[in-house]
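# Remarks on the overall topology
The lines below spell out each chain.
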Amino acid sequence: MVQPGGGMPDMQQILQQAQKMQEQLVAAQEELSNAEVTGTAGGGLVTATVSGSLELKSLSIDPKVVDPSDTETLSDLVVAAVRDAMGNAQRLTEEKLGPLAGGLGGGMPDLGGFGLPG
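What comes next is a walk through the structure.

Reading the values: the criteria
Residues numbered from 1 in each chain as written. Predicted model: local features only at pLDDT ≥ 70, side-chain atom pairs only at ≥ 80, totals over all residues. Heavy atoms only, no water. Helix = DSSP H or I, 4+ residues; strand = E, 2+ residues; numbered from the N terminus. Buried < 20%, exposed > 50% of the residue type's maximum accessible area, 1.4 Å probe, protein only. Contact = heavy atoms within 4.5 Å. Pairing = 2+ DSSP bridges.

Below, the discussion takes up the overall build of the chain. Looking only at helices and strands, the chain has 2 helices and 3 strands in total. Listing each helix as α and each strand as β along the chain from the N terminus yields α-β-β-β-α. Looking at the 118 residues of the chain, the share that counts as buried comes to 23%. Long-range pairs, those at least 24 residues apart, make up 54% of the contacts in the chain between residues at least 6 apart in sequence.

As structure tokens, this is what we get:
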């Protein structure tokens, strides 16, 4: 004889786990938006700082690299420093959100269109 609800996951437990994961996700996103990550080029002659949410916050250029007759090199260094900073911010995002994203993937049963409040 099969008992009612046998083998069915406990909906209350699922909702509690989802709520906890959502809280962790919000906390991680807030931490990321407050984080600042740097990238450099030219051996540190150009330094870019971006937020964890990929907003360029500052750019520092050593006067030694400023040559009015060679602005192309300076442009290349700026682009390289910003790309380095963005890559570092992306890695930070993957570090912070990776475990949470993994938890959202396969572990949750199909809730049949049941929406969780955001």
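Read on for the rest.
Looking now at the pairing of strand β2 (residues 46-51). β2 sits mainly inside the fold: 5 of its 6 residues count as buried. The pairing of strand β1 (residues 36-41) with β2 spans 6 bridges and is antiparallel. Its bridge partner being in β2, glutamate 36 is matched across the sheet by serine 51. Hairpin connection, β1 to β2: the antiparallel pair is bridged by 4 residues, and glycine 42 has positive phi, about 65 degrees. Linking β2 to strand β3 (residues 56-61), which pair antiparallel, is a turn of 4 residues; within it leucine 54 sits at a positive phi near 70 degrees.

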